[in-house]
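# What the coordinates show
Now for the letters of each chain:
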Amino acid sequence: MSTHVEKDNVTGRETTGHQWDGIKELNTPLPSWWVYVFWVCIIWSIGYWVVYPSFPTAHGYLKGVFNITERSKIEETMANVAAERAPYMERLAALDVDQIANDSELLNFSMAGGKAIFAENCAPCHGTGGVGNTGFPSLQDDDWLWGGTLDDISQTIHVGIRSSDNDDTRFNDMPAFGKDGILSHEEISDVVQHVLSFSGRETDADAATRGTEIFADNCAACHGDDGKGIVEMGAPNLTDNIWLYGGDQATITQTVTNARRGVMPAWEGKLSDETIKMLAVYVHSLGGGQ
């Protein structure tokens, strides 16, 4: 029995016999190359499924014949990096932070490592390259609240500032002279004028004169009689126009009135001693190290 196959008059191709609104469906097969590629992809996917990790199961996932995962690759890479770094880390552990500068090879290693550590842990507050932000000091100048030597920087990183995580944290508390009722509004205004005069700015001369005695009685114990600060107490220099929160009259008034109590975390216990040494070396190199 023969079957009649209808052909399209225009293209000469066989039709499927389907027709819609006078439009006939041509029976056009897929190109051979496409069919071959399609089956190769299916076979490849099955092979990939067998060899590599794939679907989850009730007790984990299908690990594949090779049992290869991105996690295992990363762990292998990190293990190789740790092995390469081990000799340097051992040398770092044996030296004081100020001795590292005398070893050029170890210094270069510490600088490279410290830069990466800084970017990961410190830059969110201190800014890229230690440029600083409002409330977070610049590490590129010579204005150090607690000292800018390698030992000072290392100690600050270890114990933090006003950190609740370390009993040896650096700590000094500025009174809130207005909020706590220690000074009146007028006395605060006068002492702010006196503080402004330290950096040679134009002030109300009479108010600045009245503020002299107020400063001596309430501020000089930490900031010094000349306003240049006392590093051992973490009290900033008021004469150099470098201000942590701002040096305009309104901001200084707010600082005297309500005080500032910034916190830096203690990195001891979070970072290894060797890592802190690298970080201290890098911070010291930013331009403000003493």
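Remember, it's a predicted structure, so these values are computed and weren't measured experimentally.

### Section: the overall build of the chain
- Summing up its helical and strand segments, the chain has 10 helices and four strands in all.
- Counted from the first residue to the last, the chain has its helices and strands arranged as β-β-α-β-β-α-α-α-α-α-α-α-α-α.
- Since a compact globule built from 290 residues should have a radius of gyration of about 19 Å, the 35 Å found for the chain marks it as more spread out than a globular shape.
- Principal-axis analysis of the C-alpha atoms gives the chain an extent of 120 × 60 × 40 Å.
- Looking at the chain residue by residue over its 290 residues, the buried ones come to 30%.
- When the accessible surface of the chain is split by element, carbon and sulfur atoms take 55% of a total near 18300 Å².
- Counting 19 positive and 41 negative side-chain charges, the chain places the averaged centre of each group 11 Å from the other.

### Side note on the packing of aromatic side chains
- Per the stated rule, a full pass over the model turns up six aromatic pairs.
- Centre to centre, the rings of Phe38 and Trp39 are 5.6 Å apart; their planes meet at 75°, and the pair counts as edge-to-face.
- Relative to Phe215, the ring of Phe198 has its centre 5.1 Å away and its plane inclined at 65°; by these criteria the two rings are edge-to-face. Taken as a pair, Phe198 in helix α6 (residues 185-198) and Phe215 in helix α7 (residues 205-218) lie far apart in primary sequence, 17 residues in all.
- Taken together, Trp34, Phe38 and Trp39 form an aromatic cluster joined through their ring pairs.
- Of note, Lys63 hangs over the ring of Tyr61, and the distance from its end group to the ring centre comes to 6.0 Å.
- The ring of Tyr245 has Arg260 sitting right over it, with the charged end atom 4.4 Å from the ring centre.

### A closer look at the pattern of salt bridges
- Under the counting rule described, the total for this entry stands at six salt bridges.
- Two residues, Arg91 and Glu105, come together in a salt bridge whose shortest N-O distance is 3.3 Å. Taken as a pair, Arg91 in helix α2 (residues 70-94) and Glu105 in helix α3 (residues 104-121) lie far apart in primary sequence, 14 residues in all.
- Judged by relative accessible area, Arg91 falls into the partly exposed class, the value being 30%.
- With relative accessibility at 41%, the residue Glu105 sits in the partly exposed group.

### Description of the domain arrangement of the chain
- Split by domain assignment, the chain resolves into domain 1 (72-169 + 264-287) and domain 2 (185-258).
- A separation of 33 Å is found between the C-alpha centroids of domain 1 and domain 2.
- In this complex, domain 1 contributes 11 residues to the contact, which on the side of domain 2 involves 11 residues.
- Where domain 1 abuts domain 2, roughly 810 Å² becomes buried across the two surfaces, and 64% of that area is made up of carbon and sulfur atoms.
- Per-residue buried area on domain 1 facing domain 2 is highest for Asp143, Leu145 and Trp146; these three make up 59% of the total on that side.
- In this assembly, domain 1 and domain 2 are joined by one residue pair in polar contact (both at pLDDT 80 or more).
- Considered class by class, the residues forming the side of domain 1 that touches domain 2 number five nonpolar, four polar and two charged.

### A word on the nonpolar core
- Counting residues in hydrophobic clusters, the biggest one holds 28 residues, and the most contacted among them are Leu92, Phe118, Ile157, Leu279 and Val283.
- Per-element accounting of this core gives the leading share, seven residues, to helix α10 (residues 273-285).
- Within the second largest apolar cluster, 14 residues are counted, among which are Phe177, Leu183, Phe215 and Ile252.

### As for the pairing of strand β2 (residues 23-26)
- The pairing of strand β1 (residues 15-20) with β2 spans three bridges and is classified as antiparallel. Bridge pairing links Gln19 to Lys24 in β2.
- Adjacent in sequence and paired antiparallel, β1 and β2 are bridged by two residues, among which Asp21 carries a positive phi angle near 50°.

### Some points on the environment of Leu106
- Position of Leu106 relative to the elements: it lies in helix α3.
- When the C-alpha atoms of Leu106 and Met278 are compared, they prove to be 9.4 Å apart, with 172 residues separating the residues in sequence.
- Residues in contact with Leu106, not counting those within four places in the same chain, are Tyr88, Arg91, Leu92, Leu95 and Ile100.

Conventions used here
Residues numbered from 1 in each chain as written. Predicted model: local features only at pLDDT ≥ 70, side-chain atom pairs only at ≥ 80, totals over all residues. Heavy atoms only, no water. Helix = DSSP H or I, 4+ residues; strand = E, 2+ residues; numbered from the N terminus. Rg over C-alpha atoms; globule rule 2.2 N^0.38 Å. Buried < 20%, exposed > 50% of the residue type's maximum accessible area, 1.4 Å probe, protein only. Areas by Shrake-Rupley, 256 points an atom, 1.4 Å probe, with all protein chains shown as cover. Lys, Arg positive; Asp, Glu negative; His and termini not counted. Charge placed at Lys NZ, Arg CZ, Asp CG, Glu CD. Phe/Tyr/Trp six-rings, centres within 6.5 Å; stacked < 30°, edge-to-face > 60°. Lys NZ or Arg CZ within 6 Å of the ring centre and 35° of its normal. Salt bridge = Lys/Arg side-chain N within 4 Å of Asp/Glu carboxyl O. Domains from an automatic or database assignment. Contact = heavy atoms within 4.5 Å. Buried area = accessible area lost by both parts, 1.4 Å probe. Polar contact = N/O pair within 3.5 Å; in protein donor to acceptor, adjacent residues only side chain to side chain. Nonpolar A, V, L, I, M, F, W, Y, C, P; charged D, E, K, R; others polar. Core = buried A, V, L, I, M, F, W, Y, C linked by side-chain atoms within 4.5 Å. Pairing = 2+ DSSP bridges.

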